[in-house]
Amino acid sequence: MTTMPPDAVSRQPDSSNAGWQPYTAVTLLDQELGDPRDPANPYGFAAMVRRDATESFPEELADRVGPWLRTSFVPTAAGGDLVSMDHTLMLVRAAARRDVAVMPATMFSITAASCVLAAGSAEQRERVIRLLRSGGSIGFALSEVSHGSDLLANSRSATPDTDRMGDSGEGRPTGFALNGDKWLVGLGERCEALLVVARTGRRGPAAFSTLLLEGSEVDKARSGVRQRSSGMRGIDFAGFTFEGLQVGDEALVGEAGHGLETAMKAMQVVRAMSTAANLASTDTALRLTCDFATTHRIGDDRAIDLPYTRGELATAAALLLAGDIVALTAARGLHALPAAQSLWSSVAKKILTDTSEEIFARCADVLGTRSVLREGPYAAFDTVRRDNAMVRYIDTSPIANSRLITAHLGRLMATWKSSADTVPPNLRALTSNGLAQVLIAGLPLPALRVDQLALSDRGPDVVLSGLPAVAEAVRGAVTGGSSATVGDAARVTVLTRQLERAMDGLFHEVSWRRQHRSKQDNQMELGDLADQLCFLHAAASCIHLWWFNQDRPLFGLPPGSIAWLTPVLAVLLARANGRNTPLPEPETEQLLDVVLPLYESDRMFSSTAPRLAGPAPAPVE
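Because the structure is predicted, anything quoted here is derived from the model rather than measured.

## Describing empty space enclosed by the protein
Counting across every chain of the model gives seven cavities of 30 Å³ or more. When its volume is computed, the largest cavity comes out at roughly 110 Å³. Surrounding the largest cavity, 16 residues form its lining, Leu328, Leu439, Ala441, Leu545 and Ser607 being those nearest its centre. Elements that contribute at least two residues to the lining of the largest cavity include exactly helix 10 (307-336) and helix 16 (435-439).

As structure tokens, this is what we get:
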């Protein structure tokens, strides 16, 4: 088989309702890579387990999918192959479900490259794209071992060279002298270029600049110390040591003092794209668990027929469907609503890392001892579980991510209007604020402009501000429509009203704490409310998705079906309230009727359900 280059795939997916298939390239790529369950497939689960055992770099798989992924996040205007960021995310899911390590192997350059795309010169952008196209990589040196996520405390410096400056101090530095250490640089032993965020000023966010090192400059700084990880084994995380390394002023990316701001914007792209790793991992986990549950017998019954197994699988699947919606919303929002990504990308990071860990826990309980075996048909489960755990800490730590979300609570509280304040529903606004464009897969999107991302948004969040109107409209649609039973319609009504009340309660609590925290001996934290906001925001996105796609077959269901909506809302609302409870029996059966057909027909667990490689042979016990 020969790899089909990305430009051979149509760049404009079919958005018509007949034969709605927005991500046909995903099917092409996945089927080209073959059935991942085939033990002889070099791009399959068994090959992933062998590489993990020997901590080997996924050379063959990375070479095969590299042409699809390496410049899939770079706009065509800059010389890349970007169709849209959701298209890229779906391609990554297809490749990474076979080995999550292929994602950093082909796309670890995304942070550094996004910084250069946002702020670099035309010449810098050209060199970076040329490097990526040739299969090279760019490391991103931000973190320091002594400071972790406290970026403002970073002390590794880039001192301006003032040898050619006059006694008055006037003039432009001819270069910089780099000093200090950086650690956990992805592909640090392989990268041909390195983007370094270093201190060039005294204090505050404006004290940092970014410098692009290339060739011998990178080689001189490699520390030779490889930092091994428990997941994504074979990906070389390494450190760099700078001892007065001299670089020219042409290495400066953008303006001096804007380095941290540029990096923070680029990280929004990275957080949104990192969700592909969680989705790929959990797709493999759920698929392997379904393999076991549908073939393993306990007495006279298959495991899948037992109530406990059904409840665990349904709950795990509902969380996976929720994660799919959140991730695709953030990815498409990078194009249509870039300012919103200061919040959305962090919500996506929180939802996907939290729900994926619960998915693994529930699937592991069904698999039992098989979930930790390093051999046999389910050995890939343990590998992808460790890989998934890594994603939680790459790019933005949980604490740092929580701080980013907390920073939005005051703005969101000030702009939140409860359902009582929104009469009649302002449905016209919902279709004119860009949200419909975000939520309908296949609709054309504006070109990606990384430089249009913002460190914070102003005014209301369109998902939350539109919630009262769309919730009322959804209640009317399911009550008056013929696609939902009376019981299902009633359940949608209950859940949507619970969501609105939860939003009212959240912002009431935010207001109370902001008023009273100065009276406390210790400042009251808002991290728990930030966590709650993420799950409520995800639930609101699900309601919007159903509303804007009533004429499309979401999750392979007939258009307008709410069979997926009520179970997904139920698990998200429970987690917003701090309860990691399984779905109740009626919604368990409802959700399994959605997910098992996707599994049996080898389709991705996604709202657009692209077909994957098959068939799926039953494993031998």
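## Regarding the packing of aromatic side chains
Summed over the entire model, instances satisfying the criterion amount to five aromatic pairs. With a centroid separation of 5.8 Å and an interplanar angle of 75°, the aromatic rings of Phe108 and Phe237 are classed as edge-to-face. Separated by 129 residues along the polypeptide, Phe108 in the loop between helix 5 (102-107) and helix 6 (110-119) and Phe237 in strand 7 (residues 237-248) bring together distant segments of the chain. Taken together, a centroid distance of 5.2 Å and an interplanar angle of 50° make the contact between Phe555 and Trp564 tilted. Lying over the aromatic face of Phe605, Arg287 brings its terminal NZ or CZ to 4.3 Å of the ring centre.

## Here we look at the state of the cysteines
Inspection of the entire model under this criterion finds zero disulfides. Of all cysteine sulfurs, the one in Cys290 lies closest to Cys363, which takes part in no disulfide; the gap is 7.4 Å.

## Focus: the pattern of salt bridges
Summed over the entire model, instances satisfying the criterion amount to 41 salt bridges. Of the charged contacts, one joins Asp531 and Lys350 as a salt bridge, the two residues approaching to 3.4 Å between their closest N and O atoms. Here the residue Asp531 occupies a position in helix 20 (residues 527-548), and Lys350 occupies one in helix 11 (residues 341-367), the gap between them amounting to 181 residues. Taking the shortest distance from any N to any O, the salt bridge between Arg362 and Glu358 comes out at 2.8 Å. Of the two residues, Arg362 and Glu358 both sit in helix 11, four residues apart, roughly one turn of that helix.

## A short note on the environment of Thr200
Residue position: Thr200 is located in the loop between strand 4 (193-199) and strand 5 (208-214). Sequence spacing of Thr200 and Ser155 is 45 residues, and the spatial spacing of their C-alpha atoms is 9.5 Å. Residues within four places of Thr200 in sequence aside, it is in contact with Ala158, Phe176, Ala207, Phe208, Ser209 and Gly257. A polar atom in the side chain of Thr200 sits 2.8 Å from the side chain of Ser209.

## Considerations on the environment of Leu89
As for its placement among the helices and strands, Leu89 is situated in helix 4 (residues 85-96). A residue is classified by how much of its surface remains accessible, and Leu89, at 0% relative accessible area, is buried. Taking the C-alpha atoms as reference points, Leu89 and Ala272, separated by 183 residues in sequence, lie 8.7 Å from one another.

## Describing the confidence of the model for the protein chain
Put simply, the protein chain has an average pLDDT of 90, and 90% of its residues get 70 or more. Contacts from residues 164-171, a stretch scored under 50 in pLDDT, to residues over four places away or in other chains number five contacts. Low pLDDT, under 50, characterises residues 519-523; the stretch is placed with two contacts to residues that sit more than four places away or in other chains.

## Quick look at the nonpolar core
Ranked by internal contacts, the top residues of the largest apolar core, which has 188 residues, are Met503, Leu533 and Trp564. Ignoring sequence-local partners within four residues, the contact set of Leu533 consists of Leu343, Ile405, Leu409, Leu412, Leu464, Met503, Leu506 and Phe507. Residues Leu178, Leu194, Val196 and Val247 belong to the second largest nonpolar core, which totals 19 residues.

Rules used throughout
- Residues numbered from 1 in each chain as written.
- Predicted model: local features only at pLDDT ≥ 70, side-chain atom pairs only at ≥ 80, totals over all residues.
- Heavy atoms only, no water.
- 1 Å grid on protein atoms, 1.4 Å probe; cavity = no way out; pocket = protein on both sides within 12 Å on 5 of 7 lines; lining within 4 Å.
- Points joined across faces, edges and corners; volume = space filled by probe spheres on them.
- Helix = DSSP H or I, 4+ residues; strand = E, 2+ residues; numbered from the N terminus.
- Phe/Tyr/Trp six-rings, centres within 6.5 Å; stacked < 30°, edge-to-face > 60°.
- Lys NZ or Arg CZ within 6 Å of the ring centre and 35° of its normal.
- Disulfide = S-S within 2.5 Å.
- Salt bridge = Lys/Arg side-chain N within 4 Å of Asp/Glu carboxyl O.
- Contact = heavy atoms within 4.5 Å.
- Polar contact = N/O pair within 3.5 Å; in protein donor to acceptor, adjacent residues only side chain to side chain.
- Buried < 20%, exposed > 50% of the residue type's maximum accessible area, 1.4 Å probe, protein only.
- pLDDT = per-residue confidence, 0-100.
- Core = buried A, V, L, I, M, F, W, Y, C linked by side-chain atoms within 4.5 Å.

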